[in-house]
Amino acid sequence: MNFADIIMPVPLPRLFTYEVPAELQPELLIGMRVVVPFGKKKIYSGVIQSLHNNAPQDYETKPIISLLDEAPVVNSIQLKFWDWLAEYYQCTLGEVYKAALPSGLKMESETKVIFNEDFEADSLLKPNENKVLDIVASKKICTINEINQLSGLKNSLPLVKRLLDFNALFVNEHLKENYKTKTEKVVAFHVNCSTEKAIQKAFQLTERAPKQQELLMTVISLSGGLKEAIKLKAVNKKELLEKSGASQSALNELVKKEILQMQDNALDRLDLSELAVADVHSLSEVQQTAYNEIKEGFNTKDVTLLHGVTSGGKTEIYIHLIDEAIKNGKQVLYLLPEIALTTQITNRLKKHFGNQLGIYHSKFADAERVEVWNNVLQKKNYKVILGARSAIFLPFDNLGLIIVDEEHENTYKQFDPAPRYHARDAAVVLAHFHKAKVLLGTATPSIESYYNVQQNKYHLVELTQRFEGIELPEIIAVNTREARRKKQMKSHFTPVLLEQMNTALQKGEQVILFQNRRGYSPFVECGQCAWVCKCENCDVSMTYHKFQNALVCHYCNHTITLPHVCPACHSPAIETKGFGTQKVEEEIVALFPEYKVGRMDLDTTRTRKKYERLIHQFESKQMHILIGTQMISKGLDFDNVSVVGILNADSMLNYPDFRAFERSFQLMTQVSGRAGRKNKRGTVILQTSNTMHPVILDVINGNFLNHYEGQLAERQMFKYPPFFRLIELTIKHKDKAKTHQVAGLLAMQLRAIFGNRVLGPHEPPVNRIQNFYIKNIVFKMEKKASPAKVKQMIQQCIFDLQAKQEFRAVIFQVDVDPM
């Protein structure tokens, strides 16, 4: 084949065709990565999408510079899946490629590489490899463009790729903690001491040093006998010193005498050691019934919805289904909405599946993600992948089952950048390509999923009892308006909540407090002139973070110190208003000084280790009270929690969004489910100014069906999903007038085609972010309309505007099925 269509990590509406040099023709396969020139100076690594003999008519082709792989890194099912994502979510294949591959597998001329100071070469490097390494070592960090300029090489990408394989360099997206190659010190007999005769001589030489002789005996023993020791089999240095009881200096003497040698042995970042694996537990009668119903459902439908109460034992059912899929030689993908959840569930799955379990999410360093990718690609150990939404991009070739746990969660939706996909919906399509089955599990199904059950698209299995017959928690709604009027409130806490907390803590039980806003205070205000501090880049008030003593914008991260006087009237009367998790933590520490208090929000869980430490501390009862945002609502299992406090239910209910009531019901039910997990009935205190609100009554009564029917009737009346499809168009520009002008023109063009299905343009609640003014247009499309045709027309309207010189800098974003 003389030509190849290449997917590059750039948002181009079409693929570019490159000429295949004669020497590469026998080696090239679809799915391999190649290095290609683009534009005047840029170089990218791209993926081969197709090979053919059709020269493009519109432009002259450039040749492929080099090949990066010996085998494809992307398989045919993935490419088919990428095509679907690009078409359905109205983005380009380049954007899908950028989201799908870990950074270590995609390089471009602007990619920054970092020198690994701990690198020691095992073999001689080629002259050009040394040249590149010296350049990066001298600069510590530089782009591939800079390497090309300084080395005089036309294309250094293949050399950089080899140095990355040797761990001599790192791609800039590595986390600091993983800069070092993971190694262990090992000890073996020296090459000069690799015969029986030489070892006998060594024992004679060390006759007067019993500790050194003990070391030699231990090396032989740990190697598995003299025959293995002669083969220079290495043993772990730490284990050797512990077992022999010898000191480091005794070992150093033997190394000096060239009897033993010490070296660094590179360890795999992924722990693939054989683990003792326990058999899966037998299911309870209720669980067994649900399991059998799921199996029956899979005979007739590809998707089953498991609607089970919180603490109903859904995970144990998942384990049985995974076990069966593995025995049938299939791969399993287990999706979770929150990285925090993987910490707890990893421990449970590791017990049963050992090193067949792989974990994949964005908190891992890039090198680890590349290794997981290669492990799945090369069919090594992993049969089960546990991960957040990005795990759907892994190179599976034999998927049998996809489990989407907590399927209602909006964190399955990717917001920025494109593709703005929903992992639950994408998982259903991915399963279809693999002829696999999908299990959606939740205690609070999304309206869309439950509607699909009613329409006979999905099979429904209900798990109505908690595991081992534990009762559902008692939910008490407390009227904060009334408590404030009677002056009973202690800051943001009602007497009922404080009393319940006190009783639980005295019994040695734990408490969870939920406040869905991080920071100390949502905004600061002047008590005299009502001035509010707003972000200079965004149209939003800045949140006060007390530990930094700073005001932070949660949209662009702009930070300023808290002013001592009002900039408007120079009054010192600056007051904090409202409350976030930091303020709750401060006040709880003052109210319960003898108990350990922890906080779980974005500020305290920036890295994987911080997540794990927090969860471990609370699980092992080192912490008594945990305060958190919605992170704590997602399926975490703490068996000693007896009281849960929802501090402000009103903030969720009053959000201007058609999904506000659905989300509030889900969040409140899920947070409530953390109470009374294993030993006793829990209590949930729900603080609200309207205890008779229909959503709150449905939460108290655990009445999902009533909530669903009410929401469905409203959505049908106002033309919202699941009856209509939504597409949201976002227009951004740094000039307010231009944003307004372009949004108006686009809406006018769309209205000429689609009539009153087009709403807007309107300003979102936050209408300026990072100095970009924002306008939204919402398009409502009937379910029976052809999505492909509609999207094509929308795309054409956008292209027509982008073609005009004055609108080139305007950003258009298309969000299909916005959340």
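Relevant structure appears above.
Everything quoted here is computed from the prediction, not taken from an experiment.

Thresholds, definitions, all that
Residues numbered from 1 in each chain as written. Predicted model: local features only at pLDDT ≥ 70, side-chain atom pairs only at ≥ 80, totals over all residues. Heavy atoms only, no water. Pairing = 2+ DSSP bridges. Helix = DSSP H or I, 4+ residues; strand = E, 2+ residues; numbered from the N terminus. Axes fitted to C-alpha atoms, helices over the stretch in contact; angles between N-to-C directions. Expected span 1.5 Å × (residues − 1). Buried < 20%, exposed > 50% of the residue type's maximum accessible area, 1.4 Å probe, protein only. Arc of directions from axis to C-beta. Contact = heavy atoms within 4.5 Å. Polar contact = N/O pair within 3.5 Å; in protein donor to acceptor, adjacent residues only side chain to side chain. Core = buried A, V, L, I, M, F, W, Y, C linked by side-chain atoms within 4.5 Å.

J.: Looking at this model, I keep getting lost on the sheet that holds strand E22 (residues 543–545). Mind explaining?
T.: The strands that make up a sheet are held in pairs by hydrogen bonds between backbone atoms, and each pair lies either parallel or antiparallel. If you walk across this open sheet you meet the 3 strands as E22-E23-E24, and the pairing is antiparallel. The sheet terminates laterally at E22 and strand E24 (559–561), the two strands that pair on one side only. Looking at each pair of strands side by side, their axes are set apart by 35° on average, direction ignored. As defined by bridge partners, E22 adjoins strand E23 (residues 550–552) across 3 bridges and the pair is classed as antiparallel. Note on E23: the bridge partner recorded for Thr-543 is Val-552.

J.: Explain helix H25 (residues 736–754) here, please?
T.: Because the α-helix completes a turn every 3.6 residues, residues three or four places apart line up on one side. Between its first and last C-alpha, H25 extends 26 Å over 19 residues, near the 27 Å set by a 1.5 Å rise per residue. What H25 keeps buried is the set Thr-739, Val-742, Ala-743, Leu-746, Ala-747, Leu-750 and Phe-754. Down the axis of H25, the smallest arc covering the buried residues is 130°, so these residues share one side. More than 90 degrees from the buried face of H25, the exposed residues found are Ala-737, Met-748 and Ala-752. Tucked inside the fold, the buried residues of H25 contact strand E30 (724–733), strand E31 (758–762), strand E33 (772–782), helix H26 (787–802) and strand E34 (811–816). The backbone nitrogen of Ala-737 has a side-chain oxygen 2.8 Å away, supplied by the residue at the start of H25, namely Asp-735. Following H25 by one or two positions, Gly-755 has its phi on the positive side, about 65°.

J.: Would you mind going over the nonpolar core with me for this structure?
T.: Proteins that are soluble and globular tend to have nonpolar side chains buried together. The biggest cluster of nonpolar side chains holds 114 residues, and the ones touching the most others in it are Trp-82, Ile-385, Ile-402, Met-668 and Leu-746. Ranked by residue count, the leading element in this core is helix H15 (residues 423–434), at 7 residues. Contacts of Trp-82, omitting those with residues within four sequence positions, involve Ile-7, Val-74, Leu-93, Val-96, Tyr-97, Ala-100, Leu-101 and Phe-393. Counting residues in each nonpolar core, the second largest holds 29 residues, with Leu-306, Ala-325, Leu-386 and Val-461 among its members.

J.: In this structure, what is going on with unusual backbone geometry? I would like to understand it.
T.: Only a minority of non-glycine residues have a phi that is not negative, and only a minority of peptide bonds are not trans. The omega torsion across Ala-418 and Pro-419 is 0°, close enough to zero to call that bond cis. For Pro-419, the location among the structural elements is in the loop between strand E16 (399–405) and H15. In this chain, Gly-760 is followed by Pro-761 through a cis amide linkage whose omega measures 10°. By the secondary structure assignment, Pro-761 is in strand E31. The backbone of Ser-491 shows a phi angle near 60°, a positive value even though the residue is not glycine. Within the secondary structure, Ser-491 sits in the loop between helix H17 (480–485) and helix H18 (495–506). The exposure class of Ser-491 is partly exposed, given its relative accessible area of 37%. Of note, the phi angle at Asn-771 is positive, near 70°, even though the residue is not glycine. Its place among the elements puts Asn-771 in the loop between strand E32 (768–769) and E33.

No statement about biological role is implied by the geometric values presented.
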